[in-house]
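Each chain is listed here by its residues.
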Amino acid sequence: MKFFETSKYHFFKKSTYISLRWIGIIGQLISVNFVYFFLNFKFDFVTSNLVIFFGILSNLFLIYIYKKTQLSDRSAFIFLVIDILQLGALLYLTGGITNPFVIFLLIPSIFSSSNLSLKTNTLLVTLTAITIVFLTFYYHDLPMPIKSDLHNNHYYYYSIPTALIIALIFLNYLAMSFGTQSRLRREALSKMEEVMASEHELLSLGGQAAAAAHSLGTPLSTIKIIAHDLEKQFQDQEDVKKDIELLSSQVERCNEILKRLTLNPVEEDEFIDKDLTMRDYLSEIILSFKEISKKKFIFNFDQFSNVKKITKSIEIVYGLRNFIGNANKFSKNSIYINLKSDSEFTEIIIEDDGNGYPKDVLSKIGEPYLRSNDPIDKSKTGLGLGLFIGKTLLEKNFASINCRNSKTRTGAEVVIKWNNKDLFNI
């Protein structure tokens, strides 16, 4: 089993990227309409606005359809390609390489250089270069209200420093925004790696337990001898005799466990080291919570029909434990876990009867270091690290996560869904 390695997985905060895209789209709308209506430049105004409208649609897709709180390397590449092509089309309609705002074509590739993989960055730089070469030879002429060459045209002359200043401010804002988010995410991922390291460490305690078995053998034998003597002394007292018999049986059980560890120091954990069905995974996790919680766990698997086993994974176990543990923490009396599976999909729905997610943090669920602005909710919530860790681990293992407030109960609801071909190939 592997640790979660941040160097292998490139991702960044979706909400920050959406905000930056809105800034760019608003800037495009203002520029195109200002130049057309106030400066009387004549160009394909309708098509230009349609190109900008396509950018708006892609941003709305990110907000309402793409449910993950962070963009993976692949997803980021797709949307950055859309940004390059969208801006390239707009520049093609408004002067091509002679348009002073062509500098903004560099931003997607500059952004990717500090956030995404080398392969993704190389592809984006190549696409940007091809787009620039294309716009050098193919474009609609930049319209000018004054008939003069470029050097004597004041509109063009002053637009160059204006574009450079705007780009400078935009790039600095981008760097600062993502720098802050990257620092917070690194801290959260560091905590997650510590937790996962502890889980792996537990699996390697067999050798130490075997060494302790030799030392514990003598005192356990002594306890057993004393228990037999006490049983003879109190054989007429049934209550005491039963307690002594229980003590003897538990000593014998300890001896058997230590003997087994002595023979096999690296004895495997029957749960973690065994391939199980998703139903078995959830049953074991729920059982572990029942031992420490007084709340009621209701597990429904009537619609579970796929009994194929899943490869052992600490990350899936720990991710599910975090969501079930969160439901246990904030529920009042009951936690409802519904498992559905058919030939194509496996879905887990975790609900509780608590107060649900605070409204002001609902859209940010899955991000680390969250705090509600409501003083009542703030006293009852944590930093969101548990949800962040669970969401990151499960999404890394091809799950889609949707956190929301339940429509049928008073509390929160988490929907975890896998495509079976991804789940069974982990």
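The structure presented is a predicted model; accordingly, all values stated were derived computationally and were not measured.

> Give me the lowdown on the overall build of the protein chain, citing residues and values where you can.
For the protein chain, the helix and strand inventory stands at 13 helices and seven strands. Across the 426 residues in the protein chain, those meeting the buried criterion constitute 41%. Excluding contacts between residues fewer than 6 apart, the proportion of contacts in the protein chain whose partners are at least 24 apart in sequence is 73%. Carbon and sulfur atoms provide 59% of the accessible area of the protein chain, an area that totals close to 24,000 Å².

> I'd like a description of empty space enclosed by the protein, backed by residues and values.
Evaluation of the coordinates by the stated rule reveals one cavity of 30 Å³ or more. Here the largest cavity is characterised by a volume of approximately 30 Å³. For the lining of the largest cavity, the residue count by class is five nonpolar, three polar and one charged.

> Describe a nonpolar patch on the surface, naming the residues involved and giving the relevant values.
A cluster of nonpolar side chains, namely F53, L57, L60, F61, I63, Y64 and I65, defines an oily patch on the protein surface of about 650 Å² accessible area. By the secondary structure assignment, L60 is in helix α2 (residues 45–64).

> Give me unusual backbone geometry: which residues, what numbers.
Positive phi outside glycine occurs at N40, with the angle close to 60 degrees. Inspection of the secondary structure assignment puts N40 in the loop between α1 (14–37) and α2. Relative accessible area serves as the criterion here: at 48%, N40 is assigned to the partly exposed category. Even without being glycine, F398 reaches a positive phi, approximately 70 degrees. The class for F398 is partly exposed, based on a relative accessible area of 48%.

> Explain the packing of aromatic side chains residue by residue, including any values.
Evaluated as defined, the whole model comprises twelve aromatic pairs. Judged by centre distance (5.4 Å) and plane angle (25 degrees), the rings of F34 and F38 are stacked. A relative accessible area of 42% places F34 in the partly exposed class.

> Describe helix α9 (residues 278–290), naming the residues involved and giving the relevant values.
Its 13 residues give α9 an end-to-end C-alpha distance of 18 Å, which sits within 8% of 18 Å, the value for a rise of 1.5 Å per residue. Considered for burial, the residues of α9 that qualify are M278, Y281, L282, I285, I286 and F289. Within α9, the buried residues cover an arc of 125 degrees as seen down the axis, which keeps them to one side. In the core, the buried residues of α9 are packed alongside β3 (296–304), α10 (314–330), β4 (334–341), β5 (345–352), β7 (412–419) and α13 (420–423).

> Just give me the short version of the pairing of β4, but keep the residues and values in it.
Residues in a regular strand point their side chains to alternate faces of the sheet. Where burial is concerned, most of β4 is hidden: six out of the eight residues are buried. Once you follow β3 into α10 and on to β4, the crossover reads as left-handed. Direction of pairing for β4 relative to β5: antiparallel, over a ladder of seven bridges. Paired with N338 across the strands is I349, a residue of β5. Between β4 and β5, which pair antiparallel and follow one another directly, the connecting turn spans three residues.

The rules behind these values
- Residues numbered from 1 in each chain as written.
- Predicted model: local features only at pLDDT ≥ 70, side-chain atom pairs only at ≥ 80, totals over all residues.
- Heavy atoms only, no water.
- Helix = DSSP H or I, 4+ residues; strand = E, 2+ residues; numbered from the N terminus.
- Buried < 20%, exposed > 50% of the residue type's maximum accessible area, 1.4 Å probe, protein only.
- Contact = heavy atoms within 4.5 Å.
- Areas by Shrake-Rupley, 256 points an atom, 1.4 Å probe, with all protein chains shown as cover.
- 1 Å grid on protein atoms, 1.4 Å probe; cavity = no way out; pocket = protein on both sides within 12 Å on 5 of 7 lines; lining within 4 Å.
- Points joined across faces, edges and corners; volume = space filled by probe spheres on them.
- Nonpolar A, V, L, I, M, F, W, Y, C, P; charged D, E, K, R; others polar.
- Patch = residues over 30% accessible without salt bridge, like charges linked within 9 Å, V, L, I, M, F, W, Y side chains within 5 Å.
- Salt bridge = Lys/Arg side-chain N within 4 Å of Asp/Glu carboxyl O.
- Phe/Tyr/Trp six-rings, centres within 6.5 Å; stacked < 30°, edge-to-face > 60°.
- Expected span 1.5 Å × (residues − 1).
- Arc of directions from axis to C-beta.
- Right-handed = clockwise from strand over helix to strand, strands pointing away.
- Pairing = 2+ DSSP bridges.

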